[in-house]
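# An overview of the molecular structure
Now for the letters of each chain:
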Amino acid sequence: MVRKKRWPLGLVLSSTWAGLCLFAAIFGDLLPLPAWDEYDYDNLAMPMFSPGHILGTDYDGSDVLAGLIHGARTSLGIAVTAVILGSIIGAILGIVAAYRRGWVDSVISMYFNVSLSIPTIVLTLVLVAVFSSADINNPSAGLPRELILIISLTFVLIPILGRLARSSALTWTGRDFVLVAESIGMPRRSILWTHIVPNVLPSLMSVAFLAAGVVIVVEGGLAILGVGTSPGSSWGSMLAKNRGELSIIPHTTLLPAGVIALTVMALNYFGDYVRLRIDDRESRI
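The notes below deal with the structure included here. Here the structure is a predicted model, which means the values were calculated and not measured. (Residues numbered from 1 in each chain as written. Predicted model: local features only at pLDDT ≥ 70, side-chain atom pairs only at ≥ 80, totals over all residues. Heavy atoms only, no water.)

### Brief notes about the environment of isoleucine 148
Secondary-structure assignment places isoleucine 148 in helix 5 (residues 145-173). Along the chain, isoleucine 148 and isoleucine 78 lie 70 residues apart, while their C-alpha atoms are 9.9 Å from each other. Among all residues touching isoleucine 148, those that are not within four sequence positions of it are Val128, Phe131, Ser132 and Leu143. (Helix = DSSP H or I, 4+ residues; strand = E, 2+ residues; numbered from the N terminus. Contact = heavy atoms within 4.5 Å.)

### Things to note about helix 5
Turn by turn, an α-helix covers 3.6 residues, leaving residues three or four places apart pointing in a common direction. Its 29 residues place the ends of helix 5 41 Å apart at the C-alpha level, agreeing with the 42 Å of an ideal helix rising 1.5 Å per residue. At leucine 157, helix 5 shows its largest kink, close to 30°, and the proline proline 159 lies no more than four residues downstream. (Expected span 1.5 Å × (residues − 1). Bend = angle between axes of the 7 residues up to and from the residue.)

### Observations concerning the nonpolar core
Core analysis: the largest hydrophobic core is formed by 49 residues, its most contacted members being Ile196 and Trp235. Every element with two or more residues in this core is listed here: helix 1 (9-27), helix 2 (64-100), helix 5, helix 6 (176-183), helix 7 (188-224), helix 8 (235-242) and helix 9 (251-284). Ignoring anything within four residues of it in the chain, the contact list for isoleucine 196 reads Ile95, Ala169, Trp172, Thr173, Val178 and Ile191. (Core = buried A, V, L, I, M, F, W, Y, C linked by side-chain atoms within 4.5 Å. Buried < 20%, exposed > 50% of the residue type's maximum accessible area, 1.4 Å probe, protein only.)

### Regarding helix 1
Helix length check: helix 1, at 19 residues, gives a terminal C-alpha distance of 27 Å against a target of 27 Å (1.5 Å per residue), a fit within 8%. Within helix 1, the full set of buried residues consists of Leu11, Ser14, Cys21, Ala24 and Ala25. Here the buried residues of helix 1 occupy an arc of 160° about the axis, which is enough to place them on one side. Exposed side chains of helix 1 directed beyond 90 degrees from the buried face belong to Leu9, Leu13, Leu20 and Ile26. (Arc of directions from axis to C-beta.)

### Some words on the pattern of salt bridges
Overall, the coordinates contain four salt bridges when judged by the stated rule. A salt bridge links aspartate 58 to lysine 241; the shortest N-O distance between them is 3.0 Å. With aspartate 58 in the loop between helix 1 and helix 2 and lysine 241 in helix 8, the pair connects residues that are 183 residues apart, well separated along the chain. Residue lysine 241 is classed as buried on the basis of its relative accessible area, which comes to 18%. Note that aspartate 60 and lysine 241 form a salt bridge whose closest N and O atoms lie 3.1 Å from each other. You can see aspartate 60 sitting in the loop between helix 1 and helix 2 and its partner lysine 241 sitting in helix 8, a full 181 residues away along the chain. Here the salt bridges do not stand alone but share partners, grouping Asp58, Asp60 and Lys241 into one network. (Salt bridge = Lys/Arg side-chain N within 4 Å of Asp/Glu carboxyl O.)

### Description of unusual backbone geometry
A positive phi is found at phenylalanine 49, a non-glycine position, where the angle reads about 65°. Structurally, phenylalanine 49 is set in the loop between helix 1 and helix 2. Under the relative-accessibility criterion, phenylalanine 49 is labelled exposed at 67%. We note that arginine 101 has phi near 55°; this positive angle belongs to a residue other than glycine. Considering the arrangement of structural elements, one finds arginine 101 in the loop between helix 2 and helix 3 (102-116).

### Regarding empty space enclosed by the protein
Taken as a whole and judged by the stated rule, the model has one cavity of 30 Å³ or more. When its volume is computed, the largest cavity comes out at roughly 80 Å³. At the level of secondary structure, the elements contributing two or more residues to the lining of the largest cavity comprise helix 2 and helix 8. Per-element accounting of the lining of the largest cavity gives the leading share, three residues, to helix 8. When its residues are assigned to classes, the lining of the largest cavity shows three nonpolar, four polar and three charged. (1 Å grid on protein atoms, 1.4 Å probe; cavity = no way out; pocket = protein on both sides within 12 Å on 5 of 7 lines; lining within 4 Å. Points joined across faces, edges and corners; volume = space filled by probe spheres on them. Nonpolar A, V, L, I, M, F, W, Y, C, P; charged D, E, K, R; others polar.)

### Remarks on the environment of leucine 170
Residue placement: leucine 170 occurs in helix 5. Sequence spacing of leucine 170 and valine 200 is 30 residues, and the spatial spacing of their C-alpha atoms is 9.7 Å. Sequence-distant contacts of leucine 170, defined by excluding residues within four places in its chain, comprise Ala98 and Arg101.

### Thoughts on the packing of aromatic side chains
The full count for this structure, using the stated rule, is five aromatic pairs. Measuring from ring centre to ring centre gives 6.5 Å for tyrosine 269 and tyrosine 273, while their planes differ by 15°; the resulting arrangement is stacked. With tyrosine 269 and tyrosine 273 both in helix 9, this residue pair falls four residues apart, about one helical turn. Residue classification places tyrosine 269 among the partly exposed positions, given a relative accessible area of 26%. Its relative accessible area of 18% is what places tyrosine 273 among the buried residues. Its guanidinium or amino end placed over the ring of tyrosine 59, lysine 241 lies 5.9 Å from that ring's centre, counting from NZ or CZ. (Phe/Tyr/Trp six-rings, centres within 6.5 Å; stacked < 30°, edge-to-face > 60°. Lys NZ or Arg CZ within 6 Å of the ring centre and 35° of its normal.)

In C-alpha cells form, the structure reads like this:
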C-alpha cells in the first residue's frame with residue numbers, strides 16, 4: 001500500500017494565509033466593501049462586528065476590513081517588488097564578484113560591507129529623504145511614496161542578498177563539475193548560466209522570503225516615523241494612523257499588527273522550508 005505524503009502542518013497553515021493575502025491583494029476591489037479611504041462620519045470608531053462594518057471602523061469612519069484588504073496590496077506589492085529587484089541586482093553583483101575575483105571582487109565586496117555597516121532604518125531614512133521631494137510647499141511634486149519606498153528598500157536589500165549570492169557562488173565555483181567545465185575550455189558565460197546561477201538561486205530564494213518579511217516590518221516602522229505610505233493605505237500606515245487611539249479603539253491597531261505578524265511568520269516558515277529542501281538537495285550532489 002502506497003502511503004500518501006503528508007504536508008507539514010506549518011506549510012499548510014502558511015500557504016493558506018499567504019493565499020488569503022494574495023487573494024485580497026489581487027481581487028480585493030471585487031469584494032462588496034466600502035473604499036478603504038471612504039469616511040463614514042455616521043459610524044465613527046465602531047467596534048468589531050458592527051452592522052455594515054464586520055471589523056469596525058477607525059476614528060474617522062474608515063472601514064478596517066477594507067483597509068486591511070487594500071493594505072495587503074500595498075504592503076505585499078512593496079515587499080515583493082523590492083525583494084525581486086534586490087535579488088536580481090544583488091545576485092548579479094555577487095555572482096560576478098565571486099567568479100571574476102581580483103579587483104572586481106574587492107570593489108563589490110567593499111560596497112557590500114560599507115552598506116551593511118549602516119543600520120537598516122538609518123540607511124532607509126536617508127534614501128527616502130534623497131528621493132523625496134525637496135519642495136516643502138508641494139510634497140506631491142516628488143515621486144510617489146510607494147515608489148520611493150521600493151527604491152530605498154531595494155538599495156538596502158542589494159548588499160544583503162548580494163553578499164549571500166557571492167558566498168554561495170564561491171562555494172559552487174570550487175566544485176568538481178565547475179573545475180572540469182573550465183578545464184575543457186567551456187566559456188565562462190556558459191559556466192555561469194549552466195552551473196553557477198541555477199545552484200545559487202535556490203539559496204537566494206530561501207533568504208528572499210525572510211527579506212520580504214523584513215521589508216514589511218521596516219515599512220511599518222517607517223510609517224510610524226512618518227515617512228511611510230499615505231495614512232491607512234498599507235498595514236504599517238494603518239498602525240501609524242491609529243496608534244494614538246489604542247486605548248479607545250484597540251482593534252484598529254491590533255488587527256493590522258496581527259496581520260503583519262502572521263504574514264511575517266508565514267514568510268519565515270517558507271524560507272526555513274526552502275532552506276531545508278536545499279540542504280537535502282545539496283547533500284545528494
